[in-house]
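# A look at the structure
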Amino acid sequence: MDSKGALSVTPIRQSRLVAILAGVWLIIILVLGFWWGTLLLRQSARIAQLSVAAGVPQSEAFAELSRTQYMLQWESGSFLLFLLTLSAALFWFYWRDMQRARGTQAFFAALTHELRTPLTSVRLQSEAIAAGEPTQELVDRLLADTHRLESQIDKTLELARIEGGGALAEQAIRLDPWLDRVLRGIVAAYGNAVQLELTLDPALPAIRGDTSALQLILRNLIENASRHGDRDPIYVDVNVHNAGGHVELRFADDGRGIEGDPSKLGRLFQRGSSSRGTGVGLYLVRVLMERMGGKVEFGAAPGGGFAATLHFQRSAD
Amino acid sequence: MSAPPETRLLLLEDDANVAGTLASRLTTEGYAVTYANSVRAAREALAGPAFQVAILDVGLPDGSGFEVAQTLRDRSPATAVLFLTAYGTPQDRIRGLELGADDYVTKPFVFRELLLRIQNVQRRATYLQQPGAVQGATSRIGMADVDFGRFTARVGDKVHRLTHKECAVLKLLAERAGNAVTRDEILDRAWSPDEFPTQRTVDNFIVRLRKLVERDPSNPQSILSVRGVGYQLEAGHE
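Residues numbered from 1 in each chain as written. Chains lettered and ligands numbered in written order. Predicted model: local features only at pLDDT ≥ 70, side-chain atom pairs only at ≥ 80, totals over all residues.

## Considerations on the sheet that holds strand β4 (residues 234-243) of chain A
Residue and element names in this part refer to chain A. As a reminder of what qualifies: Pairing between strands is defined by DSSP: at least two bridges between the two strands are required. A helix here means a DSSP run of H or I that spans at least four residues, while a strand means a run of E at least two residues long, and both kinds are numbered starting from the N terminus. Here an axis means a line fitted to C-alpha atoms, over the contact stretch when the element is a helix, while the angle between two N-to-C directions is reported on a 0 to 180 degree scale. This entry defines residue contacts through backbone-placed C-beta atoms, with two residues in contact when those atoms are within 7 Å.
What the five strands build is an open sheet, ordered β2-β4-β5-β7-β6; its pairing is mixed. Sheet topology places β2 (194-200) and β6 (295-300) at the edges, where each strand pairs with a single neighbour. Between one strand axis and the next, the sheet turns by 15° as a mean value, whatever way the strands run. As paired elements, strand β5 (residues 246-253) and strand β7 (residues 306-313) share seven bridges and run antiparallel to each other. Its bridge partner lying in β7, F251 is registered against A308. Here helix α6 (residues 211-228) sits on the sheet and contacts β2, β4, β5 and β7; the angle it forms with β4, its principal contact strand, is near 150°. Here helix α7 (residues 281-291) sits on the sheet in contact with β6 and β7, set at roughly 145° to β6.

## Comments concerning helix α5 (residues 175-188) of chain A
All names here are of chain A. This is how it is decided: Take the number of residues in a helix, subtract one, and multiply by 1.5 Å to get its expected span. Around each residue's C-beta, the other C-beta atoms within 10 Å are counted; 20 or more make the residue buried, 12 or fewer make it exposed, and counts in between make it partly exposed. All C-beta atoms are placed from the backbone. The directions considered for the arc are those from the helix axis to the C-beta atoms.
Over its 14 residues, α5 extends 19 Å from the first C-alpha to the last, a length consistent with the 20 Å expected when each residue adds 1.5 Å. By the burial criterion, the buried members of α5 are L175, L179, L183 and V187. When α5 is viewed along its axis, its buried side chains cluster within an angular range of 65° and face the same direction. Seen from the open side of α5, the exposed residues pointing more than 90 degrees away from its buried face are P177, R181, R184, G185 and A188. Buried residues along α5 sit in contact with β1 (171-173), β2, β3 (207-209), α6 and β4.

Take a look at the structure:
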């Protein structure tokens, strides 16, 4: 996707007007093309008749007419076919642009919501502390809110970077003990709300990846579990093992799981049935995995929660 | 100013941090707060004793605060409804007000401002429950039979639901039938200063009310304009 296209919102009403005008233009061109083709066929028939009247042998005149008609039918038919193909392509681009514009609008609306809610909380906690109620609970909420704001900003910046074609700094990563340290750090920000169980195969080979991208993937998965799982605390199980030619990370939580079509998860601006979120978190997981030469599958955990299976390429180093 | 005694308040908010601190501060201000974090939980709470005030978030995991407002209007029309939301678009605001919201506060907000708004919608709800000068719960205004107890206006066979603001303005005009009511008096009765209303706000509001009660809103016979002063309900309107 073009990064400029992602961030510039085409006025939908204006686009619709352009599409209607293009449709009218296409119909006029098709009708005129058809009419001119018919006229030319008639004229060639008339020329053949006049040629016969002028003394040209009938067989010669009608052979010429037949050639001309054949040529006209092929040329006008090809022209109309090209025109229709071009128009269909233009309409497809227009439809895709409309979808993207709608998605971008929805993203900005959701982003505003996602920023305003923690901001409201920050203000409420700050006011309460200023009013003389500095309890540890208020301070914890304040810290959690700043963490939410930071996470949202990180996702938005990463989206802009990825859509702008920003490169990843790939290297060989040994997941043991890197993964344990990173995951514990991410989960710590949620206090007791997220309980992590990590199982690492001791004989794991190094994987190919970008440490920043991998951290963002893990943070998004944990945040997704915490926000959409509707459980407090929510239990997250991460199991990493060697799966033949690649390394597999299985992530599963015991939350309420996916509502709707799991195949739609990971699309840009795709949100579940919940009104929360911007539809960017799982998209970044998918795109970053693909950019690192791997892939991700979203689905249901055995207990009914949310599950994601990440396939990493083994490092050649 | 703290809440009147026994003021039951429903707080519908899915963000635990916002809800936790808000509930605690409102309790300190004297409100008996019932907290719900989903549409389902709010509906369960509505099955109990009536609330005087409801603060409803719009975007919720299992639906929208608009749905709860609808339920609330059916079961307990006297409850003052205030939407509290991060969706601040004019369309959302219009939808909320059409559903009978008494006010609409956009996040982030200052707690004192929210408190003032709550007190204002409560003041209006209290005024509407006072017997006042209007005899009986129903009053005939133009083509409409206005029921101040049920917050409805019957025009022919059709029953229209009225917002607290609409009821407050109609009640004030009915109480002073035959006399002019200034725009400032109307503003003072139905709006709070923190909503930043202007005299033009009243004029637009009267246009809406005329569409409801007048046979020909362009040639009003019941709610008359008094040049340079305000409005007057024609005496003998009942």
